[in-house]
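# Structural characterization, general
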Amino acid sequence: MAPELSSPSSSPRYTVGYALLPEKVSSVVRPSLVALAADRGVRLVAVDVSRPLAEQGPFDLLVHKMYDRGWRAQLEELAARHPGVPVVVDSPGAIDRLLDRATMLDVVSGLRAPVSVPPQVVVSDAAADADELLARAALRFPLIAKPLAVDGSAESHDMRLVYRRDGVLPLLRAPLVLQEFVNHGGVLFKVYVVGDRATCVRRSSLPDVPAHRLLDLDAEPSVPFANISNQPLPPPDDDGGAADDDTPAAGFVDEVARGLRRGLGLHLFNFDMIRERSEEHGDRYFIIDINYFPGYAKMPGYEAALTDFFLEMLRGTRPVPEQLGPGSGLDMEARKLEPGLGIGLRELESGRAQA
Ligand SMILES: Nc1ncnc2c1ncn2[C@@H]1O[C@H](COP(=O)(O)OP(=O)(O)OP(=O)(O)O)[C@@H](O)[C@H]1O
Ligand SMILES: O=P(O)(O)O[C@H]1[C@H](O)[C@@H](O)[C@H](OP(=O)(O)O)[C@@H](OP(=O)(O)O)[C@H]1O
Ligand SMILES: [Mg+2]
Ligand SMILES: [Mg+2]
């Protein structure tokens, strides 16, 4: 039965543990989220990842974004021994696919919605002949060179826009992905997914590259850049004519989000989508990046969205993603949980929960 949670003074009935890096805690676990969640009966508690997980809790639900292998091993070990207690969101196996740009976007080809990935090739080691790979993949300049690993480091966001081949390839540090740059009017659509909610936010992006830039041999053959989508949006006059009401239709955004959620077997992520407008092809949408547990505070109304989602998971009113992707051996089912009956990991370890 759902707990009575409407009164601000009601004591928390559920405990949600979060295992996040300090920067993510300060960006997402803001007082406004903690207060709203508490008001609705959800207590947010930090997991101390330097201590054994089995000694902490009890947690009714665990959310996490940690890159540490030791942490992951703890989750897997516990899950193998006690499937489903507590509910872990999301499965490390499913998250793994987003931590490698070679596999991150594989899911897109299975979507029904008309959206694709720009052509790309993986350069897996420094000894690889990037020239030969480029020729074989028939990629067209400009390209974006992206580090393969997505590991929470600043380096994993160090990109390079490559206008032409001359003298550039030795500058690129493998392993990386070379992806065709798509002109898209300097505006990116960042879609935040929280369970079955999808919220599209307009963000700044790289400006279009005019054809003559590729032929200008006096200009730099490549330029480095990082974290471009955190820059403020250009005023509407300067952003290629794109305006606030130019965001993709909500039905389309929802369809893409639903397809990704199902294909990835994940609940908490965002994706970056760009739109190419050309006379030749009309509008074409591309997905260029998917991020696990992003900076939710940049999404309007994130406090209510996350709190609703926690409660749905805890009350078992939200099933896990309908189709779980490969490699997600740790996926756990949301199940009916009596409020306040979160089973402590310590108790499980000692066998008391079975008593
Ligand atoms: N194929 C592309 N065509 C055009 N622009 C692109 C393309 N790929 C990336 N970009 C631009 O480069 C930026 C950074 O690329 P990407 O999103 O892959 O990197 P990231 O560091 O993982 O970003 P985030 O901070 O969202 O995790 C994008 O926000 C977009 O502005
Ligand atoms: O910190 P790492 O592991 O590198 O991952 C980042 C993602 O790549 C970004 O997409 C997040 O920012 P956005 O929410 O603006 O996408 C960004 O969110 P943040 O602004 O809370 O740091 C991070 O989640
Ligand atoms: Mg991005
Ligand atoms: Mg990213």
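Residues numbered from 1 in each chain as written. Chains lettered and ligands numbered in written order. Predicted model: local features only at pLDDT ≥ 70, side-chain atom pairs only at ≥ 80, totals over all residues. Heavy atoms only, no water.

- The name given to the protein in an unreviewed UniProt entry is Inositol-tetrakisphosphate 1-kinase, and the organism recorded there is Oryza glumipatula.
- For the record of the protein, the UniProt heading Subunit (unreviewed entry) holds the text "Monomer." (UniProt positions renumbered as here; feature names shortened; annotations may be inferred.)

## As for the overall build of the protein
- Within the protein, the regular secondary structure consists of 8 helices and 14 strands.
- Here the protein holds 355 residues, and 49% of them are scored as buried.
- Long-range contacts, defined as pairs at least 24 residues apart, comprise 74% of the intrachain contacts of the protein with a sequence gap of at least 6.
- For the protein, the exposed area adds up to about 16,700 Å²; of that, 53% sits on carbon and sulfur atoms. (Helix = DSSP H or I, 4+ residues; strand = E, 2+ residues; numbered from the N terminus. Buried < 20%, exposed > 50% of the residue type's maximum accessible area, 1.4 Å probe, protein only. Contact = heavy atoms within 4.5 Å. Areas by Shrake-Rupley, 256 points an atom, 1.4 Å probe, with all protein chains shown as cover.)

## Let's talk about the nonpolar core
- In terms of nonpolar packing, the biggest core is built from 58 residues, with L260, F271, I287 and I290 touching the most fellow members.
- At 8 residues, the largest contribution of residues to this core is made by helix α7 (residues 302-315).
- Mapping this core onto the domain boundaries places at least three of its residues in each of domain 1 (14-89) and domain 2 (97-234 + 247-292). (Core = buried A, V, L, I, M, F, W, Y, C linked by side-chain atoms within 4.5 Å. Domains from an automatic or database assignment.)

## Considerations on the coordination of the magnesium ion (ligand 4)
- At this site the magnesium ion (ligand 4) is bound by D289 (OD), D289 (OD) and N291 (OD1), with donor distances of 2.1 to 2.7 Å.
- The metal-metal distance between the magnesium ion (ligand 4) and the magnesium ion (ligand 3) comes to 3.8 Å, with D289 coordinating both.
- Judged by its relative accessible area of 17%, N291 is buried. (Donors = N, O, S within 2.8 Å, 3.2 Å for Na, K, Ca; no water.)

## Points about the coordination of the magnesium ion (ligand 3)
- In this structure, D272 (OD) and D289 (OD) serve as the protein donors to the magnesium ion (ligand 3), at separations of 2.0 to 2.2 Å.
- Under the relative-accessibility criterion, D272 is labelled buried at 6%.
- With a relative accessible area of 12%, D289 lands in the buried category.

## Quick word on the UniProt feature "binding site: 1D-myo-inositol 1,3,4-trisphosphate" (unreviewed entry) in the protein
- If you check UniProt for "binding site: 1D-myo-inositol 1,3,4-trisphosphate" (unreviewed entry), the listed places come out as K24, K65, H157, K190, N291 and G295 in our numbering. The annotated residues contributing to the lining of the largest pocket are K24, K65, H157, K190, N291 and G295.
- With respect to the helices and strands, K24 occurs in helix α1 (residues 22-28).
- The residues contacting K24, other than those within four sequence positions of it, are V29, K65, F293, P294 and G295.
- Here K65 shows up in strand β3 (residues 61-65). (1 Å grid on protein atoms, 1.4 Å probe; cavity = no way out; pocket = protein on both sides within 12 Å on 5 of 7 lines; lining within 4 Å.)

## Quick look at the packing of aromatic side chains
- Evaluated as defined, the whole model comprises 5 aromatic pairs.
- Between F293 and Y296 the ring centres are 5.5 Å apart and the planes differ by 75°, which places this aromatic pair in the edge-to-face class.
- Judged by centre distance (6.3 Å) and plane angle (50°), the rings of F309 and F310 are tilted. Residues F309 and F310 agree in their burial class; the two are buried.
- Every member of this aromatic cluster is reached through a ring pair, and the members are Y192, Y292, F293 and Y296.
- The cationic tip of R213 hangs over the ring face of Y163; the distance from NZ or CZ to the ring centre is 3.6 Å. (Phe/Tyr/Trp six-rings, centres within 6.5 Å; stacked < 30°, edge-to-face > 60°. Lys NZ or Arg CZ within 6 Å of the ring centre and 35° of its normal.)

## A look at the environment of H157
- Inspection of the secondary structure puts H157 in the loop between β7 (143-147) and β8 (158-162).
- H157 gets classed as partly exposed once you look at its relative accessible area, which sits at 31%.
- Along the backbone, H157 and F225 are 68 residues apart, and their C-alpha atoms lie at a distance of 8.5 Å.
- Ignoring sequence-local partners within four residues, the contact set of H157 consists of F225, A226 and N227.

## With respect to the site of ligand 1
- Close contacts around ligand 1 come from 22 residues, with K146, H157, K190, S205 and N291 the closest.
- A distance of 2.9 Å separates a nitrogen atom of ligand 1 from a polar backbone atom of E180.
- Separating an oxygen atom of ligand 1 from a side-chain N or O atom of D289 is a distance of 3.0 Å.
- When isolated, ligand 1 has an accessible area of 610 Å², and the protein chains bury 95% of it.
- Taken atom by atom, the bulk of ligand 1 overlaps the largest pocket.
- Elements with a minimum of two residues in the shell around ligand 1: β7, β9 (176-180), β10 (187-194), β13 (268-278) and β14 (282-292).
- Among the elements that make up the shell around ligand 1, the one with the highest residue count is β14 (3 residues).
- Of the residues that constitute the shell around ligand 1, the class distribution is 11 nonpolar, 5 polar and 6 charged. (Near = heavy atom within 4 Å. Polar contact = N/O pair within 3.5 Å; in protein donor to acceptor, adjacent residues only side chain to side chain. Sits in = over half its atoms within 2 Å of the grid points. Nonpolar A, V, L, I, M, F, W, Y, C, P; charged D, E, K, R; others polar.)

## Overview of the layout of surface pockets
- Volume-wise, the largest pocket comes out at about 1,000 Å³.
- Elements that contribute at least two residues to the lining of the largest pocket include exactly α1, β7, β9, β10, β11 (197-204), β12 (222-226), β13 and β14.
- Top contributing element to the lining of the largest pocket by residue count: β14, with 5 residues.
- Taken together, the residues of the lining of the largest pocket break down into 22 nonpolar, 13 polar and 11 charged.
- Here the lining of the largest pocket spans two domains, and each of domain 1 (14-89) and domain 2 (97-234 + 247-292) adds at least three residues to it.
- By volume, the second largest pocket is sized at about 500 Å³.
- In this structure, the second largest pocket is lined by 19 residues; those nearest its centre are R140, E180, F181, N183 and E276.
- When its residues are assigned to classes, the lining of the second largest pocket shows 10 nonpolar, 3 polar and 6 charged. (Points joined across faces, edges and corners; volume = space filled by probe spheres on them.)

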